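Here is how the chains run, residue by residue.
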Amino acid sequence: MSQPFRLPAGGHVDRAQNLAFTFDGKPFTGHPGDTLASALLANGVRLVGRSFKLHRPRGIFSAGPEEPNALAEMRDGARREPNTRMTQIELHDGLVAASQNRWPSLRWDLLSLNSLIAPVLSAGFYYKTFMWPAGFWEKVYEPLIRRSAGLGRASGQNDPDFYETMQAHCDVLIIGAGPAGLAAARVAGASGQRVMLCEQDSILGASLLGQDEAWRTATLAALAAMPNVTLLPRTNVFGAYDANVVGALERVTDHMLASPAHTPRQRYWTIRAGKIIHATGAHERFIAFPDNDRPGVMLAGSAAAYVRRFGVKAGRRAMLFANNDAAFEDFFTLQDAGIGIAGIVDPRTDSAGAEAARARGITVWADSQVIGTAGTLALQGARVARRGSSGTDTLVAADLLCVSGGINPAVQLASQSRTPVEWNERLQSWVPGTPILPQFAAGSVNAVTGIAAAAADGARAGAAATGGDAAISLPTGAVADATVLPFWEVSVKGKSFVDIQDDVTADDIRLAAREGYKHIEHAKRYTTHTMGTDQGKSGGLIGAAVLAAARGERVQDIGMPTFRPFTQPVTWGAIAGPNIGKHFEPTRLTALHDWHVRRGAEFMDTGAWVRPGLYPAPADSDAWDTVLREARAVRRSVGICDVSTLGKIDVQGKDAAVFLDRLYTNTFSTLPIGRARYGLMLREDGIIFDDGTTSRLAEDHFFVTTTTANAGPVMQHMEFYLQTVWPDLDVTLASVTDQWAAMSIAGPNARATIQKVVEGLDLSNEAFPFMAVGDATVKGCPVRVFRISFSGEMAYEIATPAGFAETVWQAVIDAGEAFRIEPYGLEALGLLRIEKGHVAGSELNGTTTASDLGLGKMIKKRGDFVGRALASRPGLTDPGRPHLVGIRSVSRGEQIRAGSHLVETGTTLSLGWITGVTRAVELDGWIGLALLEGGEARKGTRMTATSPLHGESVEVEILSPHFVDPENARVRV
Amino acid sequence: MIRIDCPWCGMRDEAEFTYRGDATVTRPGANAPEEAFHDFVYARKNPRGWHVEWWYHSSGCRQYLKVVRHTMTHEVRTVARATETPEVPSE
Amino acid sequence: MRYSGFRLLSEALRGNTGWTPAWRDPPPKKSYDVIIIGGGGHGLATAYYLAREHGITNVAVLEKGPIGLGNTGRNTTIVRSNYLLPQNHHFYEHSLKLWEGLEQDLNYNAMMSQRGVFNIFHTEGAKNASVRRGNAMRLSGIDAELLDKEQIRAMCPLIDVDNGRFPVLGGLLQRRGGTARHDAVAWGFARAADQRGVDIIQHCEVTGIDVEGGAVVGVQTTRGPIKAKKIGLAVAGNTSRLAQMAGLDVPIESHVLQAFVSEGVKPLVDQVITFGAGHFYISQSDKGGLVFGGGLDGWNTYAQRGNLPVVEHVWSAGIAMMPSLSRLRGLRQWGGVMDMTFDGSHIIGKTPIQGLYMTAGWCYGGFKATPGSGWCHAWTIAQDAPHKLNEAHTLDRFRTGRLLDERGNGPFPWMQ
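Now for a quick tour of the structure.

Brief notes about empty space enclosed by the protein
Link 1 in the chain: Throughout the structure, instances matching the rule amount to nine cavities of 30 Å³ or more.
Link 2 in the chain: Estimates place the volume of the largest cavity at around 390 Å³.
Link 3 in the chain: Residue lining of the largest cavity: 26 residues in total, with Gln412(A), Gln535(A), Gly536(A), Met560(A) and Phe563(A) positioned closest to the centre.
Link 4 in the chain: Secondary-structure elements contributing two or more residues to the lining of the largest cavity are β23 (407-409), α8 (412-416), β25 (429-432) and α12 (540-551) of chain A.
Link 5 in the chain: Its residues placed into classes, the lining of the largest cavity shows ten nonpolar, eleven polar and five charged.
Link 6 in the chain: Two domains each put at least three residues into the lining of the largest cavity: domain 2 (163-282 + 409-466) and domain 3 (494-569) of chain A.
Link 7 in the chain: In this structure, the second largest cavity spans a volume of roughly 340 Å³.
Link 8 in the chain: Looking at the second largest cavity, it is lined by 23 residues, and the ones nearest its centre are Thr84(A), Arg251(A), Asp254(A), Gln266(A) and Arg329(C).
Link 9 in the chain: Elements with a minimum of two residues in the lining of the second largest cavity: β6 (81-85), β11 (235-241), β12 (245-251) and β29 (570-571) of chain A.
Link 10 in the chain: Sorting elements by how many residues they give to the lining of the second largest cavity places β6(A) first, with four residues.

What follows is the structure, encoded as structure tokens:
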């Protein structure tokens, strides 16, 4: 038989089917229903890993998520997942796994030499050395430490699988599908309420498996017949958050070689629960004794689980070291399965369990303890001695040492829900106290142990949560007594581990206490106790007990570190879900996007929007060629630009004008109907918030535009003041950014162009002057025409309901053909606005005032408005503040860069910085805008624009920011 | 997850809302001194306990809500409309 | 007891039984020259520099719990001085220089690792802002380098520079930035301050600040009243509550910032990397865990825990930037309560009450500021006047309008 440790019968494995897998390249077989751990044990593999610091040989220690040792690099290539617990990997045909943190091989690991100098590698040793010489840390010590630290290796490749996000609501969420959880679900489900049951394991039942299959099967059948009950196996609730909301991770295809098509690898659930029943069970804890980490040392309940669930003998000759009768029951399972029994070591002087064991013919060493183990890569025996005696010890031959120090109820999720934990004397552990949120605890997490009692407790909780009837059929059977003798550590010299993964020993804890790191959080951080991937599920309390003893206190009096999420490690990609790659953030496209694509535009991101940056033509030799061509078209003939992204807010109501007067620094109540006005808006702290033009369409109807970036924030700002500060005003707001497409037609031929297509509106300068607004049609499409300009040229903005955008745009393009109309993008737009000295996002940066930007005249003298009072603070009116200026390189061809600083030539004291630059079309060379201290007085002088990052310094002239048409005559012709 | 029972839309996740801070400060009148505006913008009790705060239902009804929430437990006690004055528990 | 490799060896040979407590555990005296409230990194550093720089050793640090377990032990351990505003970058540069000699100074290895910090940008606008910042630093004598896309790819091949949503344009690198072992900073300062005579008093909660005639005279504590001529507050996260004990309302709100660590893996990420198109930053600890975080949950809280929406954003941003992290697993999440100010910069200085000083409002800068904050706070307490490095970081700048606003997000603490 290829699996020498497989029992002939029993368990949830299908012996009729063989699954082939490899571990460290070596081929093995197992069966469906196996975990990688059970299959390796069935094949007699004992050594599966190396520890974190000392690289000691390690074996399979548990049968579940508490596993500290048996961590594998699971799968290979792009699907490699380091640190995967072999005890949770469901075996499948073709599975590939490898041990980790060893070199050159698992058996011959060079860094196991660390064990020889272990006394030097005591807790916190790295805080006391590696300090000389100072520069050696980064160059020598740290690279060595980093290389030897870490566990498995990441794939370094992109994940071929995908993940799904689920949103769920339920009346009752039950966490854990052992006897308590299943009974709770049955009762809650019968009430008709919406019930969800999450179980981290692949099959439901937990301790029922191999113990009470009949009740389990009947209950599962009953639950399957309830349409209001959702069963989620392979789903670990990883964290409990506010308001009874939990996060859970469902492993959808991890038990397969590869995900089938269109199937996510895992699902991330957010579950909003009315009530929560914690039926999370307990984790068995071990006992600290010398060399308790030897491969072959295993938790007693886990050794039993390997028999009951997997039909696997974890060894040939077993002994038990336990302080509780429940563990004895588990151990008897091994005997019943035909595993050789070496005996039981019990620190108690007398117990019912010992009597039962003797009746089974098992040797019991009462009042005794294990003081060491023998073997190197696998256990060969344990040394047993009487407690408190310095006499001789006996070496008992065994290849499996089952250990149980009692159980730790899995209180993590209850504790994260702010339920205080209480000390349970009988279990010597923490249990949930009175919950604050609508929650319940049932079964062993609630200190109710044994299948029958736990199920009854679950039924009780299910009834309490739903008002349902708790009278359901319950499993029967003897109740194993989980009462323990408080017994944490065998006090003899040696390496007695309290955190097996991170190589933390009881001596390390004592050293921490000796050095003053006595608080449990200090001791944890100093020693790294409980900071491994198992988060100290089985050893955490042992370390606390050792610390308590060192402090001369009781373990329950020194507290526990906070139970933070996650209960089990959570796949990064699952939480990221579909919001990655190009879907990381939504992409906003204008109604004209397809046209821009057809025209060959190069696009730029502006916030969530994707906008044309430029429209390269085949003849253009570089990007500047394109940008200058587009801008030149605007200055000399006509261009058209998609400005649909500007925020648009429709403001209506009797008090609309008053409302805008209070929001803007300038006045809108005096604005005639059919006219637009540029407006400036401050935050309440007196800093500029946004700018844009607002048009009056009727006495009680305004159309506000905002910058692209602030469309949302301005809307929120307006709603805030309207709803919370002036709720008495009769005003209604609607964001219409997406409803209207908008295009700007600019240049000396702008009127001549649009006159050909705009119908129903006299566009002559007299009838429709600068800042006029009117309704019209283009090709039968309704449009609103605004005579406003950002470029400084004669310009019109045409807005149309988004569905008409392309028709109107194409009509204008066709009309402009005679004038060689050019579409222009963001780059040319930026060029034009810099030439004109119009401010944009880099000047409206949330730290500038109106007078900083030469807009001081826009502040009205009378009446209140948002930002008025605080704008007059001395810091905001200081004449030394930087002011907006124009700059131009003295040597015309010389490039200047945005982000350069302005300094007096020959100095390094920054007096200002350049906010934007461009090559100009109206004048030669490079120009820019800058914010400069004493800017007004420096106009006409020369300074140095310096960019140490580029190693460049350019001599520049300080000028007015208005390079083009400072009188603003062009817009009025 | 903070969950807010919007009086207009029903119980919703915090992700649908935009926070807007302390709702106990009120904007001074037009003629108030600069100091009063300073307090409106900057002076905060920042209580460890019950906090009355604005939440804007930005992905819902677009209404500002006055929420009474505890800054240690995160319990939401009351969700009121903007013009209401919800009761604040003493403890 | 002096720490060294030799000491480690000789103690090991004696079974590690000879080590003595890193700091004493003295009972509080009736009075001190200076009381520092708050036994986190900033409070302990203040006490240390009071002793070392100003010879003031009759000092007590009062801590309501064990030292170093507030934000000192809950941050993502990043150290850098790459700030835009001169008032801020000069301060943080001073702090960084103290970090650079800290281990030898304290005789405690805080594992300060200058592995480089870079911020990635994705748009021309963000690039210009980075160039402005980097140039501001360089003109002030602080190291900064501009990276292009290919240099970013070379430094960290895991970054998807051509990602489908926000392709990487480049980054701003500070090579001298890096990480340090956060707990060790508190412990190192505690040990060094203790050796200079400072009393570190744990489990001593301040319940009142006694003010007479506009000046502090002492504190009430859970271990009785203690007199002091000067009191320094170093209680980030709880500054509002402590200041209110002295009758002051401060322009600070408390907000939670979450952080995460993955399971340990072999070396993968060498630098500290910040993503510019979403809230995300990452580094790898010496133990192998990837330490990462993002932005605030964004509502007032004193609870050290956050919720799932921010988790989702941070983790998505991580995979958007580094897709190959997808199959790794997060191990732990936690939260720290931040003092958030209304302009995103900190406060170190005097208060309207004579003899009461504070270092507060640290927003995201608290850990990297630890030595600098302690140094400036100590100076301000000793001289009863701010040092040039913290003269702009006053409590009253919100009244004067002389704000220190790096980002222009407005007077909203949750948006800083």
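Some details on the sheet that holds strand β16 (residues 317-322) of chain A
Residue and element names in this part refer to chain A.
Link 1 in the chain: Within the open sheet, the five strands sit side by side as β15-β22-β16-β17-β18. Their pairing is parallel. The two strands at the open ends of the sheet, each matched to only one other strand, are β15 (297-299) and β18 (364-366). On average, each strand axis in the sheet is inclined to that of its neighbour by 20°, with strand direction left out of account.
Link 2 in the chain: Judged from the three bridges that link them, β15 and strand β22 (residues 400-404) form a sheet pairing that is parallel. Opposite Val297, over in β22, you have Leu401 as the bridge partner.
Link 3 in the chain: Docked against the sheet, helix α5 (residues 300-310) engages β15, β16 and β22, running at close to 85° with respect to β15.

Let's talk about the interface of chain C and chain A
Link 1 in the chain: Across the contact, 114 residues belong to chain C and 117 residues belong to chain A.
Link 2 in the chain: Summed over both sides, the interface of chain C with chain A buries roughly 9,600 Å², with 57% coming from carbon and sulfur.
Link 3 in the chain: In this assembly, chain C and chain A are joined by twelve salt bridges.
Link 4 in the chain: Note that Asp183(C) is salt-bridged to Arg525(A), the shortest N-O span being 2.8 Å.
Link 5 in the chain: Joining chain C to chain A, the criterion identifies 66 residue pairs in polar contact (both at pLDDT 80 or more).
Link 6 in the chain: Looking at side-chain class alone, the side of chain C that touches chain A contains 50 nonpolar, 39 polar and 25 charged residues.
Link 7 in the chain: In the sheet, β29(A) pairs with strand β16 (residues 329-341) of chain C via two bridges, with the strands oriented antiparallel. Bridge assignment links Thr571(A) to a residue of β16(C), and that residue is Arg329(C).

Scoring rules and cut-offs
- Residues numbered from 1 in each chain as written.
- Chains lettered and ligands numbered in written order.
- Predicted model: local features only at pLDDT ≥ 70, side-chain atom pairs only at ≥ 80, totals over all residues.
- Heavy atoms only, no water.
- 1 Å grid on protein atoms, 1.4 Å probe; cavity = no way out; pocket = protein on both sides within 12 Å on 5 of 7 lines; lining within 4 Å.
- Points joined across faces, edges and corners; volume = space filled by probe spheres on them.
- Helix = DSSP H or I, 4+ residues; strand = E, 2+ residues; numbered from the N terminus.
- Nonpolar A, V, L, I, M, F, W, Y, C, P; charged D, E, K, R; others polar.
- Domains from an automatic or database assignment.
- Pairing = 2+ DSSP bridges.
- Axes fitted to C-alpha atoms, helices over the stretch in contact; angles between N-to-C directions.
- Contact = heavy atoms within 4.5 Å.
- Buried area = accessible area lost by both parts, 1.4 Å probe.
- Salt bridge = Lys/Arg side-chain N within 4 Å of Asp/Glu carboxyl O.
- Polar contact = N/O pair within 3.5 Å; in protein donor to acceptor, adjacent residues only side chain to side chain.

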